[in-house]
Amino acid sequence: MSKFRINRNKGRIIMQVLKFGGSSVANAGNISKVIAIALTASKKEPVILVVSALGGVTDQLIHAGVLAAQGAEEYRQRIKSLEDKHLETVRELLPIQAQSATLSWVKQQLNELESLCDGIFLLGELSPRIKDKLVSYGELLSSYIIAAKLQSMEVDQKWTDARELILTDEQYGNAAVLFNKTNERIQAYIQIHKAQIYIVPGFIASNEKNHTTTLGRGGSDYTGAIFAAAVDAATLEIWTDVSGMMTADPRLVQHPKHIPRISYQEAMELSHFGAKIIYPPTIQPVMKKSIPVWIKNTFEPEAVGTIIEQRVDFDHEIIRGISSINGIALLSLEGSGMVGIPGFSKRLFEVLAIQQINVILITQSSSEYAICVAISESDAAAAQIAIDKAFGYEIETGKVEPVKVETALSIVAVVGEQMKSHPGISGKMFGALGRNGINVRAIAQGSSEKNISAVLSASDVKKAINVLHEDFFETTYKQLNLFIAGAGNVGGKLLAQIYQQQQYLKDTLRVQIQVVGIANSHKILLGDGGIDLSNWKTILQQAPAGNIQDFVAAMVDKNLRNSVFVDVTANAEVAGVYGSLLSKSIAVVACNKIACSAAYASYKKLKSQAREYNTKFLFETNVGASLPIIGTLNDLVRSGDKVNRIQAVLSGTLNYVFNHYDGNIPFAAVVKKAQEEGYTEPDPRLDLGGTDVMRKIMILAREAGERLEMEDIGNEYFLPLSCFEGSVADFYIEMEKQEAHFKALYEAAKAKNCKLKFVASYNKGAAQVGLQHIPADSDFYHLYGKDNLVLFYTDRYPEQPLVIKGAGAGADVTASGVFADIIRVVG
């Protein structure tokens, strides 16, 4: 005997509606979970159990119908597969003694289905009406099998065909419910047929001609809401395969947050803009009755889930969630003939309505010169033809342009009821997108301010959602995705430093550094989830072959948020890719001096691109390894100071060499040791020939505002010209031959009580480098080891210069300077 609680105010039985989706009833094992949940719930109040078709069945039914309409006899194989699936489910679910009647009923339905497809095959046509009849078998079969299982358990249950209760219009495929008659039928049915569990197939209904209709894909949610509203249910529970709604799609975002409570309006906005947890029309019937909707997980029934209700006590989160719709086309109608003339918008929307094309987003310029609408990409061709035909006269007379159609677009929407009382949300949203090089094609925001929508390229959707989610929800840390070119001495030290400091940076600066790409001269290692830095050398050896162009293509293709390219090579080809990366809003951190010491126009273009695409181009280690030379110079200039003169020892290599050469050990041996300790360029002649120092003083002069080229810099060479011929090995042999020359240089300085230092200078537009005799009273005299020293003489420091001194060479310090620039990208 069923037990019922009565709603005293309305004189109705208090009920609850539970709807289970396709993944929840995918097989016999899952159905057993569904039954357990329903039985537990029915101990409190009677349950209306709404179910979808078994997982994947609806798609298989449609495919069978399409094959039949195309004259392909494979549809029979599809039907046989469906028959096997359902019969197997019955055998697994029901005890043997209870199987016979259900197996016969299922077989009968599949025979009817095959006859229907035979008719489609003969006619060669799958009309919307027949398609609705075809797909209805999925829910009918699943619900009947579940009812049979409950009956075998002697549960007080009642199965009913939803087509006998839900009445709709004749819009096949997405029928509109006739609520007054539907509510009367459901209420009468419940009053007459008493049970503890009512089993109802979702998705399907019928019209007044008694033809089968459907409520749109995902319509089983809608069925649940229709029944819940009709019986004034205590709750509507939507059971799926996730534990409620999330702040973003977990397939796109690594760490989405759970939403415990959400308002009806927010849920509708999120579901409209692509959140797949709930079917958009579901909210409307229950919202009118203030019936809470609870999103639950069939496979984790104890999880809290998400409650959708009328009023929500807002927490500190201003944004409730981020959603997206793919497959969007943007239609633009433009023309001076539209300005000040009423009726253009009305005509446009009438044309689309006649074609039964749904408008997803609308935006119009305040000048009335243009109006844009976003529609489904599948409707774009039909819309274009219809609009151009409707505005044929205006197009012919030049009042408007033919409609422009852009495809391969998506909509990203930020949703939250609290946005209306918090200024700056749209600025934060578009600022975050802009910083990551994501171009916005159109924008829409309703007067209710619950939703800000942006149309953008479909290729940018994942990146955009991650960028926005990080800015609005992930207050714990910001993630940088590093692509590192160069895995040699400095590159190896850099990776070791990142590995050592990853947790520290996450804990103290809230920055998560993730190395997602490493490339050397012949291999490329990629890993979206981050490369294991404890074992990167071994993994890189096993990586596929590739060059720098392949590496750049991978960076652009992955389109990750907060991407940073780090160049720790001395390679001209690598330096040549900076511009293409900056134009994609990928930050560049360069240890490589080639780009900034190239032609002045190229240097300026890179700086300009970084500004234009709102990203960073940092190269502190181009001069002085990790010493804050360029950063200090930038601070002087930005604060209004003028640099008049620079004197500097900028080569840690040359300083090391001349500090260790005393005429007793061959000059070639001292240079060799410097190279072995990582103080020189791969080709030491770049250091000893002064080229490296020339590049450095030129970079400083350029950063001070001077237009300077390499040929403008004087260089007093101390190396014999013969040392520049041949390979690096030849260079060392030639230095040994020239030992007398180097010893003479040393002895000449010693005779004057001076030291040899390779000094760079810049003075009001002129720059030069060369070996000098440094007396004991000079700032450069007491410069030891591999140290650098820079003296800035400015308007504010005219006589007593601003001095920067410290180690200017070595893999460890250079790597630490690169690392510091990487961290500066965050700021």
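Residues numbered from 1 in each chain as written. Predicted model: local features only at pLDDT ≥ 70, side-chain atom pairs only at ≥ 80, totals over all residues. Heavy atoms only, no water.

All right, on to the overall build of the protein chain then. The helix and strand inventory of the protein chain stands at 28 helices and 31 strands. Taken against the 2.2 N^0.38 rule, which gives 28 Å for 827 residues, the C-alpha radius of gyration of the protein chain at 37 Å runs more than 25% over that of a compact globule. Taken along its principal axes, the extent of the C-alpha atoms in the protein chain is 120 × 70 × 55 Å. Within the protein chain, the proportion of its 827 residues that are buried is 53%. Looking at the protein chain alone, contacts between residues at least 24 apart form 72% of all its contacts between residues at least 6 apart. Just so you have it, the protein chain exposes about 35600 Å², and 50% of that area is on carbon and sulfur atoms. (Helix = DSSP H or I, 4+ residues; strand = E, 2+ residues; numbered from the N terminus. Rg over C-alpha atoms; globule rule 2.2 N^0.38 Å. Buried < 20%, exposed > 50% of the residue type's maximum accessible area, 1.4 Å probe, protein only. Contact = heavy atoms within 4.5 Å. Areas by Shrake-Rupley, 256 points an atom, 1.4 Å probe, with all protein chains shown as cover.)

Phi at Asn 559 takes a positive value of approximately 55°, unusual for a residue other than glycine. Relative to the elements of secondary structure, Asn 559 occurs in the loop between helix H17 (548-558) and strand E23 (563-567). Take Asn 559: its relative accessible area is 16%, and that puts it in the buried class.

Attention shifts here to a nonpolar patch on the surface. Taken together, Tyr 717, Leu 721 and Phe 724 make up a surface patch of nonpolar side chains, about 340 Å² in accessible area. Within the secondary structure, Phe 724 is located in the loop between strand E27 (713-716) and helix H26 (728-737). (Patch = residues over 30% accessible without salt bridge, like charges linked within 9 Å, V, L, I, M, F, W, Y side chains within 5 Å. Salt bridge = Lys/Arg side-chain N within 4 Å of Asp/Glu carboxyl O.)

Judged by nonpolar contacts, the single largest core of 80 residues is most densely connected at Phe 565, Tyr 578, Phe 617, Phe 667, Phe 718, Met 735 and Phe 792. Of all the elements, helix H25 (residues 691-703) adds the most residues to this core, at 7 residues. Setting aside its immediate chain neighbours within four residues, Phe 617 contacts Tyr 578, Leu 582, Val 588, Ala 590, Cys 596, Leu 606, Lys 607 and Ala 610. With 48 residues, the next largest nonpolar core counts Ile 35, Leu 49, Val 57 and Ile 199 among its residues. (Core = buried A, V, L, I, M, F, W, Y, C linked by side-chain atoms within 4.5 Å.)

A few words on helix H11 (residues 380-390). Where H11 is concerned, the buried positions are Ala 380, Ala 383, Ala 386 and Ile 387. Along the axis of H11, the buried positions cluster into a sector of 135°, meaning they face one direction only. Counted as exposed and oriented over 90 degrees from the buried face of H11: Ala 381, Ile 385 and Lys 389. Where the residues of H11 are buried, they touch strand E14 (321-334), helix H10 (344-354), strand E16 (370-376) and strand E17 (404-415). (Arc of directions from axis to C-beta.)

Looking now at the packing of helix H3 (residues 75-93) against helix H5 (residues 128-152). Look at H3 against H5: their axes get within 10 Å of each other, and the N-to-C directions meet at 15°. With respect to each other, H3 and H5 are oriented roughly parallel. Helix-helix and strand crossings are classified by hand; for H3 and H5 the assignment is right-handed. Residues His 86, Thr 89, Val 90 and Leu 93 of H3 lie in contact with H5, whose contacting residues are Leu 141, Ile 145 and Lys 149. Classifying every residue of the contact of H3 with H5 by side-chain character gives 4 nonpolar, 2 polar and 1 charged. (Axes fitted to C-alpha atoms, helices over the stretch in contact; angles between N-to-C directions. Parallel < 35°, antiparallel > 145°, perpendicular 65-115°, else oblique. Left-handed = near helix turned anticlockwise from the far one by under 90°. Nonpolar A, V, L, I, M, F, W, Y, C, P; charged D, E, K, R; others polar.)

What follows deals with the sheet that holds strand E21 (residues 511-519). Ordered in space as E22-E21-E20-E23-E24-E25, the 6 strands form an open sheet in which the pairing is mixed. The open sheet is flanked by strand E22 (524-526) and strand E25 (617-618), the only strands paired with a single partner. Bridge analysis of strand E24 (residues 587-590) against E25 gives 2 bridges, and the strand direction is parallel. Among the inter-strand pairings, Val 589 is bridged to a residue of E25, identified as Leu 618. (Pairing = 2+ DSSP bridges.)

Between its terminal C-alpha atoms helix H7 (residues 219-230) stretches 16 Å, which fits the 16 Å expected from 12 residues at 1.5 Å a residue. With 12 of 12 residues buried, H7 is to be regarded as a mostly interior element. Here H7 has its buried residues at Gly 219, Ser 220, Asp 221, Tyr 222, Thr 223, Gly 224, Ala 225, Ile 226, Phe 227, Ala 228, Ala 229 and Ala 230. Positive backbone phi, approximately 50°, marks Asp 232, located one or two places after H7. (Expected span 1.5 Å × (residues − 1).)

Time to look at the environment of Val 574. Tracing the chain through its elements places Val 574 in helix H18 (residues 572-575). Note on Val 574: relative accessible area 8%, which makes it buried. When the C-alpha atoms of Val 574 and Asn 547 are compared, they prove to be 9.5 Å apart, with 27 residues separating the residues in sequence. When neighbours within four sequence positions are excluded, Val 574 is seen to be in contact with Ala 485, Ile 548, Phe 565, Asp 567 and Thr 569.

What follows concerns the packing of aromatic side chains. On inspection of all chains with the given rule, the structure shows 23 aromatic pairs. Both rings, one in Tyr 189 and one in Tyr 198, keep their centres 6.4 Å apart while their planes meet at 65°; by these two values the pair is edge-to-face. Judged by its relative accessible area of 1%, Tyr 198 is buried. Taken together, a centroid distance of 5.2 Å and an interplanar angle of 90° make the contact between Tyr 661 and Phe 667 edge-to-face. Classification of Tyr 661 by relative accessible area gives buried; the value is 2%. Owing to a relative accessible area of 0%, Phe 667 belongs among the buried residues under this scheme. In this structure, Arg 76 packs its charged tip against the face of Phe 121, placed 5.7 Å from the ring centre. Positioned above the aromatic ring of Trp 294 is the side chain of Lys 296, whose terminal nitrogen or guanidinium carbon lies 4.5 Å from the ring centre. (Phe/Tyr/Trp six-rings, centres within 6.5 Å; stacked < 30°, edge-to-face > 60°. Lys NZ or Arg CZ within 6 Å of the ring centre and 35° of its normal.)

This part covers the pairing of strand E30 (residues 787-794). Taking burial as the measure, the 8 residues of E30 include 7 buried ones, the bulk of the element. By the bridge criterion, 6 bridges tie strand E26 (residues 643-649) to E30 in an arrangement that is antiparallel. Pairing of Ile 646 across the sheet is with Phe 792, part of E30. Two strands pair when backbone bridges link them, and E30 and strand E31 (residues 802-807) are joined in this way by 6 bridges, in the antiparallel orientation. Among the inter-strand pairings, Val 790 is bridged to a residue of E31, identified as Ile 804.

A few words on the packing of helix H15 (residues 489-508) against helix H28 (residues 811-826). It is at 8 Å that the axes of H15 and H28 come closest, and there the two elements cross at 50°. Regarding the angle of H15 to H28, the classification is oblique. For H15 against H28, the interelement crossing comes out right-handed. Contacts from Asn 489, Val 490, Lys 493, Leu 494, Gln 497, Ile 498, Gln 501 and Leu 505 in H15 reach Ala 811, Asp 812, Thr 814, Ala 815, Ser 816, Val 818, Phe 819, Ile 822 and Ile 823 in H28. A per-class count over the contact of H15 with H28 returns 10 nonpolar, 5 polar and 2 charged.

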